[in-house]
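Each chain, letter by letter, is given below.
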Amino acid sequence: MRTHRDLREFPYNGLVSFGLDNEDYRGVMRWVDWYGDGSLYVLDVGLACCTLEFDAAAPTAAGRLPSLDERARVAIVISGTVTDRLAPAVAAVIDGCEQQTGRRPVVISFGACASSGGPYWDSYAVTKGVDQLVAVDAYVPGCPPPPEALAAVLDQLMGRVAS
Ligand code: SF4
């Protein structure tokens, strides 16, 4: 059985074209200023069809990550099927974000594939949940997951739920 360490150490040199190993977080990664006020920046790690649901949920277009206000939060959404081949690159995105922004991102597993392997759970090549790699703060179920559920989870994590 593969371990957390095995997955993180899987070679991923061939994935340069995905841009996931690019360390220029401000210039290359596309961030969504979720509330339009600089309080929460969200990065989608789009790996399969769930990324279309992310696009449907996002209230604004993505852009560069500016210098962050000290109160600003960052969140990374893993949307789509994580394969063992891709898993270390996904972990590198999250680790790199923490190093470069100086704050641990909120990590959201968006959809059945990211959370458990989804319809491909019995594939030898598919990771059975991104939580085998990184700590996950929230899971959004569904195949596909509803876009409004992602917005609701972010509102909850940010304390923006109306009482
Ligand atoms: S959970 Fe369903 S919709 Fe999302 S990436 Fe997997 S197969 Fe596609």
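Please refer to the structure higher up on the page.
Below: a short report on this structure.

Conventions adopted
Residues numbered from 1 in each chain as written. Predicted model: local features only at pLDDT ≥ 70, side-chain atom pairs only at ≥ 80, totals over all residues. Heavy atoms only, no water. Helix = DSSP H or I, 4+ residues; strand = E, 2+ residues; numbered from the N terminus. Areas by Shrake-Rupley, 256 points an atom, 1.4 Å probe, with all protein chains shown as cover. Salt bridge = Lys/Arg side-chain N within 4 Å of Asp/Glu carboxyl O. Buried < 20%, exposed > 50% of the residue type's maximum accessible area, 1.4 Å probe, protein only. Pairing = 2+ DSSP bridges. Axes fitted to C-alpha atoms, helices over the stretch in contact; angles between N-to-C directions. Contact = heavy atoms within 4.5 Å. Right-handed = clockwise from strand over helix to strand, strands pointing away.

## Thoughts on the overall build of the protein
Here is step 1 of the chain: On a plain count of helices and strands, the protein comes out with 5 helices and 5 strands.
Here is step 2 of the chain: When the helices and strands of the protein are placed in sequence order, the string is α-β-β-α-β-α-β-α-β-α.
Here is step 3 of the chain: By element, 53% of the accessible surface of the protein is carried by carbon and sulfur atoms, the whole surface being about 8,300 Å².

## Focus on the pattern of salt bridges
Here is step 1 of the chain: Inspection of the entire model under this criterion finds 3 salt bridges.
Here is step 2 of the chain: Between Arg 71 and Asp 69 there is a salt bridge, with the nearest N and O atoms lying 3.2 Å from each other.
Here is step 3 of the chain: Taking the relative accessible area as the measure of exposure, Arg 71 reaches 66% and is therefore exposed.
Here is step 4 of the chain: Assessed through its relative accessible area of 37%, Asp 69 is described here as partly exposed.
Here is step 5 of the chain: Here Asp 137 and Arg 104 are joined by a salt bridge, their closest N and O atoms 3.1 Å apart. With Asp 137 in the loop between helix 4 (112-116) and strand 5 (138-140) and Arg 104 in the loop between helix 3 (87-101) and strand 4 (106-110), this residue pair connects regions lying 33 residues apart in the sequence.
Here is step 6 of the chain: Relative accessible area serves as the criterion here: at 38%, Asp 137 is assigned to the partly exposed category.
Here is step 7 of the chain: Overall, Arg 104 belongs to the partly exposed group, its relative accessible area being 41%.

## With respect to the sheet that holds strand 3 (residues 73-79)
Here is step 1 of the chain: Strand order in the open sheet formed by 5 strands is 1-2-3-4-5, with mixed pairing between adjacent strands. Lying at the two open borders of the sheet, with one neighbouring strand each, are strand 1 (31-33) and strand 5. Each neighbouring strand pair of the sheet contributes to a mean axis angle of 25°, computed without reference to strand direction.
Here is step 2 of the chain: Of the pairings in the sheet, the one linking strand 2 (residues 40-46) to strand 3 comprises 7 bridges and is parallel in character. Within strand 3, the position partnered with Tyr 41 by the bridge is Val 74.
Here is step 3 of the chain: Of the strands in this sheet, strand 1, strand 2, strand 3 and strand 4 touch helix 2 (residues 50-57), which is tilted by about 155° from strand 2.
Here is step 4 of the chain: Set on the sheet, helix 3 makes contact with strand 1, strand 2, strand 3 and strand 4; between it and strand 3 the angle comes to about 175°.

## So, unusual backbone geometry
Here is step 1 of the chain: The linkage connecting Cys 143 with the following residue, Pro 144, adopts the cis geometry, with an omega of 0°.
Here is step 2 of the chain: Looking at where Pro 144 falls in the secondary structure, it is placed in the loop between strand 5 and helix 5 (147-157).

## Some thoughts on the pairing of strand 4
Here is step 1 of the chain: Among the 5 residues of strand 4, 5 are classified as buried, and the element is accordingly described as predominantly covered.
Here is step 2 of the chain: On strand 4, burial covers both faces: Val 106, Ile 108 and Phe 110 on one face and Val 107 and Ser 109 on the other are all buried.
Here is step 3 of the chain: In this sheet, strand 4 lies alongside strand 3 in parallel orientation, the contact comprising 5 bridges. Counted as the bridge partner of Ile 78 is Ser 109 from strand 4.
Here is step 4 of the chain: You can see the chain leave strand 3, run along helix 3 and come back into strand 4, and the turn it takes is right-handed.
Here is step 5 of the chain: Bridge count for strand 4 against strand 5 is 3 bridges, and the pairing is parallel. Bridge pairing links Ser 109 to Tyr 139 in strand 5.

## Comments concerning the environment of Pro 144
Here is step 1 of the chain: With a relative accessible area of 52%, Pro 144 lands in the exposed category.
Here is step 2 of the chain: With 92 residues separating them in the primary sequence, Pro 144 and Leu 52 have C-alpha atoms 9.3 Å apart.

Without other data, these values stay purely geometric and don't point to any function.
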